[in-house]
Amino acid sequence: MSSEQVLKLGIPKGSLEEATRRLFARAGWKIKPHHRNYFPEINDQEMQCSLCRAQEISRYVENGTMDAGLTGKDWIMENESDVVVVSDLVYSKVSNRPARWVLAVAGDSPYRRPEDLSGKKIATELRNFTHNYFHNAGIPVEVEFSWGATEAKVVEGLADAIVEVTETGSTIKAHGLRIIAELLQTNTQFIANKEAWEDPWKRNKIENINTLLHGALRADRLVGLKMNLPADRVEDVMALLPSMTAPTVAHLYNTDWLSVEIVVEEDRVRELVPRLQEKGAEAIIEYALNKVI
């Protein structure tokens, strides 16, 4: 195999690492990390993985160190990276919903709007984006880079406000802070180097990965249901089934019973199964799905 037939893929290290490895596993790729090693194994000879901070992946994809990678929309904007955004992948360590970068102040502060912070100091890891946000809004502020523990900066009097990422807001509230504005919604994006995207082999590989990752994400909210029922009850049962497509129906051997199989949203199963039983369905089986393409 030539070196041109290896796709160099960046995987975010840190809070998203475990969620990313689970997503790839459902899509068919097993990523096995090594202790103190930034190059995990993957069960695909056509791929080479590198673990890297999400904050840096877009820069490495842009300069060609990596052919493709997964990183946050926020860090692509922060680095102003010139890359191909293949798709959005909405997943996280907590829930399948976008995270938010919010502007927060002390709970007892007089600040209610971004405009109230004119002339004040703001601490954040997302320094370039925050500077641009306030500059474009015509609000003069001092934006200071935060190396971590950003929520504590206001509590300790080191800043008047912070811009920090959150999903639920619970950590910010736990530090006695109050959110006064949402500046950006962000989620993971699958990105590619422009030259790699123009290479037919690499582009095909990237598109195949993208298809299977989205299939895994879609399957995360769905389950399969299979059941047996008398043929004369099929219309009653069909009226209950919220299938993605027409249910699969097959005759059971040497009987007047049918086997029916559907794909449904997982949170509907608890209400659906008792109603199916009332209509005569038996041997109802629920099973997990890895991918729905």
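Residues numbered from 1 in each chain as written. Predicted model: local features only at pLDDT ≥ 70, side-chain atom pairs only at ≥ 80, totals over all residues. Heavy atoms only, no water.

Condition: UniProt positions are given in the numbering used here, feature names are shortened, and annotations may be inferred rather than shown by experiment.
Labelled according to an unreviewed UniProt entry, the protein chain appears under the name ATP phosphoribosyltransferase, originating from Desulfonatronospira thiodismutans ASO3-1. The record in UniProt for the protein chain states the following under Cofactor (unreviewed entry): "Mg(2+)".

## Notes on the sheet that holds strand 10 (residues 161–166)
What counts, and what does not: Only strands that DSSP links by at least two bridges are regarded as paired with each other. Comment: elements are numbered from the N terminus, with helices defined as DSSP H or I runs of at least four residues and strands as E runs of at least two. Geometry is summarised by axes, namely lines fitted to C-alpha atoms with helices restricted to the contacting stretch, and by angles between N-to-C directions that run from 0 to 180 degrees.
A sheet is described by the order of its strands in space; here five strands give the open sequence 9-8-10-7-11, paired in mixed fashion. In this open sheet, the two edge strands, each paired with only one partner strand, are strand 9 (142–145) and strand 11 (177–186). The mean angle between the axes of side-by-side strands here comes to 25 degrees, regardless of whether they run parallel or antiparallel. The pairing of strand 7 (residues 99–106) with strand 10 spans five bridges and is classified as antiparallel.

## Re the domain arrangement of the protein chain
You'll often see interface size given as the accessible area lost when the parts meet. Stated precisely, the cut-off is as follows: Domain segmentation is taken from an automatic or database assignment of domains. Residue contacts are defined here by distance: any two heavy atoms, one from each residue, within 4.5 Å place the two residues in contact. When two parts are put together, the accessible area they lose, computed with a 1.4 Å probe and summed over both, is reported as buried area. A pairing counts as a salt bridge when a side-chain nitrogen of Lys or Arg comes within 4 Å of a carboxyl oxygen of Asp or Glu. Polar contact is the term for a pair of N or O atoms within 3.5 Å; when the atoms are in protein, one must be able to donate a hydrogen and the other to accept it, and sequence-neighboring residues count only if both atoms are side-chain atoms.
Its domain assignment divides the protein chain into domain 1 (7–93 + 188–219), domain 2 (99–185) and domain 3 (221–288). For domain 1 versus domain 2, the distance between C-alpha centres works out to 29 Å. Counting residues at the interface gives 10 residues for domain 1 and 10 residues for domain 2. Of the roughly 780 Å² buried between domain 1 and domain 2 on both sides combined, carbon and sulfur atoms contribute 48%. It is Asp-74, Trp-75 and Glu-78 in domain 1 that bury the most area against domain 2; as a group they hold 58% of the surface buried on that side. Here domain 1 and domain 2 share one salt bridge between them. Ionic pairing is found between Arg-53 and Glu-125, a salt bridge with its closest N-O pair at 3.4 Å. In this structure, the connection of domain 1 to domain 2 is made through six residue pairs in polar contact (both at pLDDT 80 or more).

## Quick look at the packing of aromatic side chains
Condition: Any two rings among Phe, Tyr and Trp, with Trp reduced to its six-membered ring, count as a pair given centres within 6.5 Å; such a pair is stacked if its planes are under 30 degrees apart, edge-to-face if over 60, and tilted if neither. Residue burial is assigned from relative accessible area. The probe radius is 1.4 Å, only protein chains are included, and a residue is buried under 20% of its type maximum, exposed over 50%, and partly exposed in between.
Within this structure, the stated rule accounts for four aromatic pairs. Between Trp-75 and Trp-101, the aromatic rings sit 5.9 Å apart at their centres with planes inclined by 90 degrees, giving edge-to-face as the arrangement. Of this pair, Trp-75 sits in helix 3 (residues 73–79) while Trp-101 sits in strand 7, and the two are 26 residues apart along the sequence. The two residues Trp-75 and Trp-101 agree in class, both being buried.

## Some thoughts on the environment of Tyr-253
Locating Tyr-253 in the fold gives a position in the loop between strand 14 (248–251) and strand 15 (257–265). On a C-alpha basis, the gap between Tyr-253 and Glu-164 in space is 61 Å, while along the polypeptide they are 89 residues apart.

## Some details on the sheet that holds strand 13 (residues 222–230)
The strand order across the open sheet formed by four strands is 14-15-13-16, and the pairing between neighbours is antiparallel. Edge positions in the sheet fall to strand 14 and strand 16 (282–288), since each of these pairs with one other strand and no more. Each neighbouring strand pair of the sheet contributes to a mean axis angle of 15 degrees, computed without reference to strand direction. Docked against the sheet, helix 10 (residues 269–278) engages strand 13, strand 15 and strand 16, running at close to 5 degrees with respect to strand 13.

## A closer look at the pattern of salt bridges
Side-chain pairing between opposite charges can occur once the charged atoms of the two side chains come close. Here the structure, examined in full by the defined rule, presents 13 salt bridges. Measuring nitrogen to oxygen at the nearest pair gives 2.7 Å for the salt bridge that ties Lys-194 to Asp-82. Of this pair, Lys-194 sits in helix 7 (residues 194–198) while Asp-82 sits in the loop between helix 3 and strand 6 (84–89); the two residues are 112 residues apart in sequence, bridging distant segments of the chain. Residue classification places Lys-194 among the partly exposed positions, given a relative accessible area of 41%. On the basis of relative accessible area, Asp-82 is assigned to the partly exposed category, the value being 42%. Salt bridges here are not isolated pairs; linked through shared partners, they connect Glu-18, Arg-21 and Arg-22.

## A short note on helix 4 (residues 127–136)
Rules: Arc definition: it is the arc formed by the directions from the helix axis to the C-beta atoms.
By the burial criterion, the buried members of helix 4 are Phe-129, Thr-130 and Phe-134. The arc that holds the buried residues of helix 4, viewed along the axis, is 125 degrees, so those residues lie on one side. In helix 4, the exposed positions that point more than 90 degrees away from the buried face belong to His-135 and Asn-136. Looking at the buried positions of helix 4, the neighbouring elements they touch are helix 3, strand 7, strand 8 (121–124), strand 9, strand 10 and strand 11. In the stretch just after helix 4, Gly-138 is the one whose phi turns positive, near 70 degrees.

## A word on helix 10
Of all the positions in helix 10, only Val-269, Leu-272 and Leu-276 are classed as buried. Buried residues in helix 10, looked at end-on, bunch into an arc of 65 degrees, giving them a common side. Seen from the open side of helix 10, the exposed residues pointing more than 90 degrees away from its buried face are Arg-270, Glu-271, Gln-277 and Glu-278. At the C-terminal side of helix 10, Gly-280 shows a positive phi close to 105 degrees.

## Regarding the environment of Ala-219
In this structure, Ala-219 sits in helix 8 (residues 200–219). A relative accessible area of 2% means that Ala-219 is categorised as buried. Setting aside residues up to four positions removed in sequence, Ala-219 forms contacts with Leu-289, Asn-290, Lys-291 and Val-292.

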